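Given next are the chains, with one letter for each unit.
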Amino acid sequence: MIASLKGTLRSIGKTDIILEVNGVGYLLNVSSRLISSLESIGSKLELYTDLQVKDDKIVMYGFTSLSDQNFFKLLQSVQGVGPKAAISILSTLSVEEIVLAISSGDKAMIARADGIGPKVAGRVTLE
């Protein structure tokens, strides 16, 4: 398992980045919050990662903090929340806002994320 990567930012896409580490470019899916916080191409960057191996693909996700990484994993434990939905929630809300929404039962706040409907938002606040 690859737990973290430290390297040079080579490309910034809409939902992903390429981080070059010792000559190897890693494609990382990241939240839009992370993308908006990035400096210029060529800057140094260190990210925590989550590598997911599926039947038809291998996908790596990148996070600036361990709490973001842990919430990404925790959100996926909720029925109906996969990695795409978890990244969408983390793109819309900070970890602190997610904790506040869950503790107050505010499913409307969770439902603000793209692709998250009221049923899934309700499950997130309950589970």
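Up top is the structure these notes are about.
These remarks concern the structure in this document. (Residues numbered from 1 in each chain as written. Predicted model: local features only at pLDDT ≥ 70, side-chain atom pairs only at ≥ 80, totals over all residues. Heavy atoms only, no water.)

**Structural notes on helix H2 (residues 66–75)**
Item 1. If you check which residues of H2 are buried, you get Gln69, Phe71, Phe72 and Leu75. Down the axis of H2, the buried side of the element spans an arc of 165°, and every buried residue falls inside it.
Item 2. Buried positions along H2 lie against strand E4 (44–53), strand E5 (58–63), helix H3 (83–92), helix H4 (95–104) and helix H6 (118–126). (Buried < 20%, exposed > 50% of the residue type's maximum accessible area, 1.4 Å probe, protein only. Helix = DSSP H or I, 4+ residues; strand = E, 2+ residues; numbered from the N terminus. Arc of directions from axis to C-beta. Contact = heavy atoms within 4.5 Å.)

**Focus on unusual backbone geometry**
Leaving glycine out, the prevailing phi sign among residues is negative, and the prevailing peptide bond configuration is trans.
Item 1. Even without being a glycine, Asn22 presents a positive backbone phi close to 50°.
Item 2. You can see Asn22 is positioned in the loop between strand E2 (16–21) and strand E3 (24–29).
Item 3. Residue class for Asn22 comes out exposed when judged on its relative accessible area of 79%.

**Structural notes on the side chain of Ser88**
Item 1. When you line up the elements, Ser88 lands in helix H3.
Item 2. For Ser88, a relative accessible area of 11% gives the class buried.
Item 3. In contact with Ser88, not counting residues within four places along its chain, are Ala113 and Asp114.

**Quick word on the pattern of salt bridges**
Between side chains of opposite charge, a pair can form as their charged atoms come close.
Item 1. All chains considered together, the criterion is met by two salt bridges.
Item 2. Residue Arg10 is joined to Glu20 by a salt bridge in which the shortest nitrogen-to-oxygen separation is 3.0 Å. Residue Arg10 is found in strand E1 (residues 4–12), and its partner Glu20 is found in strand E2; the two are separated by 10 residues along the sequence.
Item 3. Classification of Arg10 by relative accessible area gives partly exposed; the value is 41%.
Item 4. Glu20 sits in the partly exposed class, given a relative accessible area of 28%.
Item 5. Taking the shortest distance from any N to any O, the salt bridge between Arg33 and Glu97 comes out at 3.1 Å. Of this pair, Arg33 sits in helix H1 (residues 32–37) while Glu97 sits in helix H4, placing them 64 residues apart in sequence.
Item 6. Judged by relative accessible area, which is 35%, Arg33 ranks as partly exposed.
Item 7. Glu97 gets classed as partly exposed once you look at its relative accessible area, which sits at 27%. (Salt bridge = Lys/Arg side-chain N within 4 Å of Asp/Glu carboxyl O.)

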